[in-house]
Amino acid sequence: MTFERGRVELLLARAAERGAGHLTLIDPDSQSPDQAGAIARAAADGGTDAIMVGGSVGAAGVLLHQTVARIKEQTDLPVILFPSSVAGLCENADAVFFMSLLNSRSPSYLIENQALGAPLVLRYGLEPIPMAYIIIEPGGTVGYVGDARLIPRKKPELAAAYALAAKFMGMRLVYLEAGSGADAPVPLAMVSLVKRLLGDVLLIAGGGIRDGAAAAELAAAGADLIVTGTAVEKSQDVKGFVSQITSAIGR
Ligand code: 1GP
């Protein structure tokens, strides 16, 4: 059985080719499913490329299912699950970032949840997108929950070593994560060093990105995809905020 790039992964690659893509992260634990649907529609109007659904705590069960359902009612955008464990899978999404938290100390986040989840991904018909997840200081909630040995911000070569290992293991995306709500995004020098080594492996940057200027700097440094979650959730004008980001990254 070959493992080709699926529809959603190809869509992300095309978005990256046009400059950089933008992903809107919705945590089901942060608002009602109806509100999540409204946020997704406004983000779609602002030019986002796909909706990610997940969270470190509480993104599971009926709430997760209903959140995905409302988002799909409101937009035609692909919904990509961003699970913190096997509980973050549900059958009504389009794809899943099938990821390993490479700098976790815990086998649970390296491979155990993945093994438990793989048969469900197959049964649900989700498109698995193989991704390395690397958490950088400060790491936030996901750094704590994922038992990550955080990469120091001043050590881009450590992030690069993990990213290169991911590439050599055949992962097609690498996500550098500063943690949701981080004071600052991942350092630009880290992004540029990692992208230089990754070549055509897609690089995602997320955590602490609050405006178009920060997104533009990360894209210029080599990020192929920009994730924003907290800033979208807090925005009173989601369409305007997402438009600011998407135009800043040249969309
Ligand atoms: C968290 O990288 C994402 O997993 C998004 O972070 O909430 O800070 O945008 P923010």
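Residues numbered from 1 in each chain as written. Predicted model: local features only at pLDDT ≥ 70, side-chain atom pairs only at ≥ 80, totals over all residues. Heavy atoms only, no water.

**Student:** Tell me about the overall build of the chain, and please be specific about residues and values.
**Tutor:** Across its full length, the chain holds 10 helices and 8 strands. Since a compact globule built from 251 residues should have a radius of gyration of about 18 Å, the 16 Å found for the chain is in line with a globular shape. Based on the C-alpha atoms only, the size of the chain along its principal axes is roughly 45 × 40 × 35 Å. For the chain, buried positions account for 55% of its 251 residues. (Helix = DSSP H or I, 4+ residues; strand = E, 2+ residues; numbered from the N terminus. Rg over C-alpha atoms; globule rule 2.2 N^0.38 Å. Buried < 20%, exposed > 50% of the residue type's maximum accessible area, 1.4 Å probe, protein only.)

**Student:** Tell me about the nonpolar core, and name the residues and values.
**Tutor:** In terms of nonpolar packing, the biggest core is built from 58 residues, with Leu81, Val174, Leu176 and Val194 touching the most fellow members. Considering every element that reaches this core, the biggest residue donor is helix α2 (residues 33–45), with 5 residues. When sequence neighbours within four positions are dropped, the list of residues in contact with Leu176 reads Ile134, Ile136, Ala159, Val186, Met190, Val191, Val194, Leu203, Ile204, Ala205 and Gly206. Judged by nonpolar contacts, the second largest core, of 26 residues, contains Ala16, Ala95, Val142 and Ala148. (Core = buried A, V, L, I, M, F, W, Y, C linked by side-chain atoms within 4.5 Å. Contact = heavy atoms within 4.5 Å.)

**Student:** Now, about the site of the ligand: what can you tell me, with residues and values included?
**Tutor:** Taken together, the neighbourhood of the ligand is formed by Leu25, Phe82, Tyr175, Glu177, Ser180, Gly181, Gly206, Gly207, Gly208, Thr228, Gly229 and Thr230. The contact in question runs from an oxygen atom of the ligand to an N or O atom on the side chain of Tyr175, over 2.8 Å. Within the contact set of the ligand, an oxygen atom lies 2.7 Å away from a backbone nitrogen or oxygen of Gly229. In the complex, 96% of the free accessible area of the ligand, which totals 310 Å², lies under the protein chains. (Near = heavy atom within 4 Å. Polar contact = N/O pair within 3.5 Å; in protein donor to acceptor, adjacent residues only side chain to side chain. Areas by Shrake-Rupley, 256 points an atom, 1.4 Å probe, with all protein chains shown as cover.)

**Student:** I'd like a rundown of the sheet that holds strand β8 (residues 225–228), residues and numbers included.
**Tutor:** On the basis of which strands lie adjacent, the closed barrel formed by 8 strands has the order β1-β2-β3-β4-β5-β6-β7-β8 and parallel pairing. Between one strand axis and the next, the sheet turns through 30° on average, direction left out of account. Across 3 bridges, strand β2 (residues 50–53) lies against strand β3 (residues 79–81) in parallel orientation. Its bridge partner being in β3, Val53 is matched across the sheet by Leu81. Those strands touched by helix α4 (residues 107–124) are β4 (95–101) and β5 (127–135), and its axis lies near 160° from that of β4. (Pairing = 2+ DSSP bridges. Axes fitted to C-alpha atoms, helices over the stretch in contact; angles between N-to-C directions.)

**Student:** Describe the environment of Glu127, listing the residues and the values that go with them.
**Tutor:** Tracing the backbone through its elements, the reader meets Glu127 in strand β5. In sequence terms Glu127 and Ala93 are 34 residues apart; their C-alpha atoms lie 9.1 Å from each other. Dropping the residues within four chain positions of it, Glu127 is found in contact with Gly6, Arg7, Val8, Glu9, Asp94, Ala95 and Val96. Reaching out from Glu127, the side chain makes a polar contact with the backbone nitrogen of Arg7 at a distance of 3.1 Å. Among the polar contacts listed, one links the side chain of Glu127 to the backbone nitrogen of Val8, at a separation of 2.8 Å.

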